[in-house]
Amino acid sequence: MSSVHVWNGLDEVPHDLGATVATLGNFDGVHRGHRAVLRQLTARASEIGATSVAVTFEPHPIAVLYPERAPVPLTSIDQRLALLAETGLDAVLVLEFTREFASQTPAEFVDSVFVQALHARAIVVGADTRFGVRNSGSVETLRELGADRGFEVTAVADVGEGERWSSTRIRAALADGDIPTAATMLGRLPRVQGVVVHGDHRGRLLGFPTANLGGTIEGLVPADGVYAGWLTRLDLPEGAPDRMLPTAVSIGTNPTFDGVDRRVEGYVLDRSDLDLYGERIAYDVVARLRETLRFDGIEPLITQMHADVTECRGVLGLSSA
């Protein structure tokens, strides 16, 4: 991952920071629409020899202003920062979003963040950007303020195939288990990650030991079902043996065993020798194989699991075991 400075609040921005090119947004998912803006941002910063900075908010503004309507995030703040670092940005400024923060006028926000803290010479944003109290600021507002305060403004048109790529559409695709559509908009495979915890150890007894994610799961969990995917052991260095492993991922409540807790667990194909407890892992899902089913007994479940593994192997482009 590329190195990027992370400033948590205006107080952490260096006082001797030179000129910047900046953007702002929630960047939930850091999808292809976001990346189109960030490409122009980093290109403009390179042209004028300035520092490229993305300004983002935590928590999501809707979670503060209208918590009953708040969307489930596509990415945790740590995932978001890692994805932003991959775009070649120099720095990310994370601002805590509060009701007091939301009460700023567009001019107050621009002056405190872009002018005084970041010394912005240029601002690059999406065409639909809104900011300030009651979202009263727009791209046109930015241009008016920039003309007076000495920064240029570039608005990047919506990008997408048919419809614009958006976090809302990605959430809808994941809720439907439509991984290819979500992956197209994200520009990568959807990922959920967390720490491996002990489950019921039922999978091992069935011949398919699984790694269960426990505690806080980062990333939006797709619809219940069985998926083909990859398990990445995040604590191992890039290129290490067994860092990335082909996996059949199960999401759901295990209805055959009258389960009630929704779980995310994966069986690494043809491996029973792994001890992953306590490790940080990620599941990158490739395709949904089937919906979650309730089976009438253990034998039909095992038969289906063998079929799932065979199909998973095919989806992942692996030869037969």
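You'll find the structure just up there.
In this text the structure is predicted, and so the values were computed from the model without any measurement.

Digging into the sheet that holds strand β4 (residues 91-96)
Spatially, the six strands line up as an open sheet ordered β1-β4-β3-β2-β5-β6, and their pairing is parallel. Edge positions in the open sheet fall to β1 (5-8) and β6 (152-156), since each of these has one partner strand only. Put simply, the sheet's adjacent strands are angled 25° from each other on average, direction ignored. In the sheet, strand β2 (residues 20-24) pairs with strand β5 (residues 120-126) via three bridges, with the strands oriented parallel. Of the residues in β5, the one forming a bridge with T20 is A120. Against the sheet, helix α5 (residues 106-117) contacts β2, β3 (51-58), β4 and β5, and its axis sits at roughly 135° relative to β2.

With respect to the packing of aromatic side chains
In the structure shown here, the tally under the stated rule is eight aromatic pairs. Relative to F97, the ring of F57 lies with its centre 5.9 Å away and its plane at 80°, an arrangement referred to as edge-to-face. With F57 in strand β3 and F97 in the loop between β4 and α4 (99-102), this residue pair connects regions lying 40 residues apart in the sequence. Across this residue pair, the class does not change: F57 and F97 are buried. When the ring of F208 is compared with that of Y267, the centres are 5.1 Å apart and the planes differ by 80°; the resulting orientation is edge-to-face.

With respect to the sheet that holds strand β9 (residues 191-197)
Whether parallel or antiparallel, the strands of a sheet pair through hydrogen bonds between backbone atoms. Read around the closed barrel, the six strands follow the order β9-β10-β13-β12-β11-β14; overall the barrel is antiparallel. The mean inter-strand angle of the sheet, taken between neighbouring strand axes irrespective of direction, is 45°. Strand direction decides the pairing type here: strand β12 (residues 244-252) and strand β13 (residues 263-268), joined by six bridges, are antiparallel. Looking across to β13, one finds that S250 is bridged to E265. Each of β11 (225-233), β12, β13 and β14 (280-290) is contacted by helix α10 (residues 298-315), which is oriented at about 100° to β14, the strand it contacts most.

Some words on the environment of T56
Inspection of the secondary structure puts T56 in strand β3. The sequence separation of T56 and Q304 amounts to 248 residues, and the corresponding C-alpha distance is 45 Å. Among the polar contacts made by the side chain of T56, one reaches the main-chain carbonyl oxygen of G25 at a distance of 2.9 Å. In this structure the side chain of T56 is engaged in a polar contact, spanning 3.1 Å, whose partner is the backbone oxygen of N26.

Side note on the layout of surface pockets
There is about 1200 Å³ of room inside the largest pocket. Lining the largest pocket are 46 residues, and of these G25, N26, H60, D128 and R130 lie nearest its centre. With four residues, the top contributor of residues to the lining of the largest pocket is helix α1 (residues 32-48). Tallied by class, the residues present in the lining of the largest pocket amount to 21 nonpolar, 16 polar and nine charged.

Some details on the side chain of S76
Secondary-structure assignment places S76 in the loop between α2 (61-65) and α3 (77-85). Once residues within four sequence positions are removed from consideration, S76 is found in contact with E218 and G219.

Some thoughts on the nonpolar core
L93, F109, F114, L118 and L142 are the most contacted members of the largest nonpolar core, which has 30 residues in total. If you list the elements that add at least two residues to this core, you get β2, β3, β4, α4, α5, β5 and α6 (139-149). No other element matches α5, which puts five residues into this core. For L93, the residues in contact, after removing those within four places along its chain, are W7, G9, L10, V13, V53, A54, V55, T56, V113 and L118. Counting 28 residues, the second-largest nonpolar core is a separate cluster that includes V221, L245, I281 and Y283.

Calculation rules
- Residues numbered from 1 in each chain as written.
- Predicted model: local features only at pLDDT ≥ 70, side-chain atom pairs only at ≥ 80, totals over all residues.
- Heavy atoms only, no water.
- Pairing = 2+ DSSP bridges.
- Helix = DSSP H or I, 4+ residues; strand = E, 2+ residues; numbered from the N terminus.
- Axes fitted to C-alpha atoms, helices over the stretch in contact; angles between N-to-C directions.
- Contact = heavy atoms within 4.5 Å.
- Phe/Tyr/Trp six-rings, centres within 6.5 Å; stacked < 30°, edge-to-face > 60°.
- Buried < 20%, exposed > 50% of the residue type's maximum accessible area, 1.4 Å probe, protein only.
- Polar contact = N/O pair within 3.5 Å; in protein donor to acceptor, adjacent residues only side chain to side chain.
- 1 Å grid on protein atoms, 1.4 Å probe; cavity = no way out; pocket = protein on both sides within 12 Å on 5 of 7 lines; lining within 4 Å.
- Points joined across faces, edges and corners; volume = space filled by probe spheres on them.
- Nonpolar A, V, L, I, M, F, W, Y, C, P; charged D, E, K, R; others polar.
- Core = buried A, V, L, I, M, F, W, Y, C linked by side-chain atoms within 4.5 Å.

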